[in-house]
Amino acid sequence: MTSEISAEQAARKRALDILATAPAKALAERWHAFGDKPDHQRLRGPETGLVMVRGRAGGGGAPFNLGEATVSRASVRIVTGEVGHGYCLGRDLDQAEAIAVIDALRQRDAGRVDAEIIAPLETLIVESDVTRKNETAATRVDFFTMVRGDN
Amino acid sequence: MLSHDFGAGFADPVRDAQAAFRAILDALANPGMAQKLLTSGERSTALQGELVSILLTLSDHDTPIWLSPALDTVAVRGFVGFHTGAPVVADPEKANFAFVARGDDLPDLASCNLGTQEYPDRSTTIVIELLSLTGGAELVLRGPGIADTTTVAPQGLPQDFVAQWQDNRELFPRGIDLLLVAGGEVIGLPRSTRIVEA
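Now for a description of the structure that goes with this document. (Residues numbered from 1 in each chain as written. Chains lettered and ligands numbered in written order. Predicted model: local features only at pLDDT ≥ 70, side-chain atom pairs only at ≥ 80, totals over all residues.)

1. Structural notes on the overall build of chain B
This is how the line gets drawn: Secondary structure elements are taken from DSSP: a helix is a run of H or I of four residues or more, a strand is a run of E of two residues or more, and numbering for both begins at the N terminus. Our radius of gyration looks at C-alpha atoms and nothing else; its globule reference is 2.2 Å times the residue count to the power 0.38. Here exposure depends only on C-beta density: within 10 Å of a residue's C-beta, 20 or more other C-beta atoms make it buried, 12 or fewer make it exposed, and intermediate numbers make it partly exposed, the C-beta atoms being placed from the backbone. Residues are defined as contacting one another if the C-beta atoms placed from their backbone atoms lie within 7 Å.
Of regular secondary structure, chain B possesses 4 helices and 10 strands. Mapped in sequence order, the helices and strands of chain B form the string α-β-α-β-α-β-β-β-β-β-α-β-β-β. Taking 2.2 N^0.38 as the reference for a compact globule, 198 residues should give roughly 16 Å; the C-alpha atoms of chain B span a radius of gyration of 16 Å, in line with that estimate. When the backbone C-alpha atoms are referred to their principal axes, chain B occupies close to 55 × 30 × 30 Å. By the burial criterion, 41% of the 198 residues in chain B qualify as buried. Sequence-distant contacts in chain B: of pairs separated by 6 or more residues, those separated by 24 or more amount to 68%.

Below, the structure is given as structure tokens:
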């Protein structure tokens, strides 16, 4: 299914992706350092639930249910009226709520949120990906066939 | 606007839903006796107060609900979908719960799902918001959960309500159950209750 999303939506999706992927500790530090947090009202949650994770395997790429994952979510409204939603893996309700508030805040002041929270977290994620890839690459073994026994 | 604002649910979802559930249970166990019902705070949509409490307490994605015309708006549908995931149906016969706003007509009781002889519990429960639970025409009730007789006087029931209720009572064990709400209180009228004097 392809659906057209606006640039604004794409940017928001990217921000939420980063917030959900970021390590909880790094996110908490960034959020703690962020000054002038708005008051917010909880609309739904924070609550935990299960989502089915689907995978694809085999030559045909047929989908199968890999298993259920625990997910926390929250929806909040900040004082200025923007509504934000936060989802993250695990049972950390505070993290889900923080993500929701950041999402709401981002709708009002995208520049500041992107600069102070999203961009540093993205750098962190990219760096840890590179480190992991390098560590993995260091122990890589290539298998190849030198000679096949002919008869 | 990027995000739709569907409004807030219960402030304390678990405890508030439990308190409301207890009130509904007590209302159906003691027909005709008004029970205090917690009214949910926010009034951003047509659906408010007592109806919201009952909706949030009883419905989920497995309970199709029917909304009276005044409630069947985009805002209310959004609220229902966001907080409960309950499907909204156009035909009261397919609904587990029917919600009727103040001033809207009660759907004809016979047009709702009356349950089957094997599964009488699958009938529709109608929640109707009235003008007031007192000060209307007096109805004398008798039946399980009532020591002798009890009198209620809700305002805003349809003219032919007594006859409709009589027909509903005849179907026992099938039939619909009714919850009357107004002013932060709920009165239960289960199918087992008879109106002996109107």
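2. A few points about the pairing of strand 1 (residues 40–57) of chain A
Residue and element names in this part refer to chain A. Quick reminder of the rule: Here, any two strands with at least 2 DSSP bridges between them count as paired.
Direction of pairing for strand 1 relative to strand 2 (residues 62–78): antiparallel, over a ladder of 15 bridges. Of the residues in strand 2, the one forming a bridge with alanine 57 is alanine 62. Hairpin remark: strand 1 followed by strand 2, antiparallel, with 4 residues in the connecting loop; positive phi at glycine 58, about 80 degrees.

3. A word on the interface of chain A and chain B
Often, the extent of an interface is quoted as the loss of accessible area on bringing the components together. Selection criterion: Residue polarity is assigned by list, with Asp, Glu, Lys and Arg as charged and Ala, Val, Leu, Ile, Met, Phe, Trp, Tyr, Cys and Pro as nonpolar; anything else, Gly included, falls into the polar class.
Of the residues lining the interface, 11 residues belong to chain A; the matching set on chain B comes to 7 residues. Taken together, the elements giving at least two residues each to the side of chain A that touches chain B come down to helix 1 (7–21), strand 1 and strand 3 (83–89) of chain A. Of the residues in the side of chain A that touches chain B, the class split is 2 nonpolar, 3 polar and 6 charged.

4. Here we look at the nonpolar core
Just so we agree on the cut-off: By definition, a nonpolar core groups buried Ala, Val, Leu, Ile, Met, Phe, Trp, Tyr and Cys residues that connect through C-beta atoms lying within 7 Å of each other.
Counting 48 residues, the largest nonpolar core has B:Phe99, B:Val127, B:Leu180 and B:Val186 as the members making the most contacts within it. Counting 25 residues, the second-largest nonpolar core is a separate cluster that includes A:Leu16, A:Ile18, A:Ala96 and A:Ile99.

5. Here's the deal with the pairing of strand 2 of chain A
All names here are of chain A. Across 7 bridges, strand 2 lies against strand 3 in antiparallel orientation. Considered in strand 3, the bridge of serine 75 is made with histidine 85. Taken together, strand 2 and the strand that follows it, strand 3, pair antiparallel across an intervening segment of 4 residues, in which glycine 81 is found at a positive phi of about 105 degrees.

6. What to know about the packing of helix 2 (residues 24–33) of chain A against helix 3 (residues 93–108) of chain A
Residues and elements named next belong to chain A. Put simply, the rule reads: In this analysis, axes come from line fits to C-alpha atoms, helices being fitted only over the stretch in contact, and the angle between any two N-to-C directions falls in the range 0 to 180 degrees. An angle counts as roughly parallel when it lies under 35 degrees, as roughly antiparallel when it exceeds 145, as roughly perpendicular when it falls between 65 and 115, and as oblique in every other case. Put simply, a crossing is left-handed when the front helix is turned counterclockwise from the back one by less than a right angle, and right-handed when it is turned clockwise.
Where helix 2 meets helix 3, the axes come as close as 11 Å, and the angle between the chain directions of the two elements is 50 degrees. In this view, helix 2 runs oblique relative to helix 3, as classed from their interaxial angle. As for how helix 2 packs across helix 3, the hand of that crossing is left-handed. On helix 3, the residues touching Ala24, Leu27 and Trp31 of helix 2 are Gln95, Ala98 and Ile102. Grouping the amino acids of the contact of helix 2 with helix 3 by side-chain chemistry returns 5 nonpolar, 1 polar and no charged.

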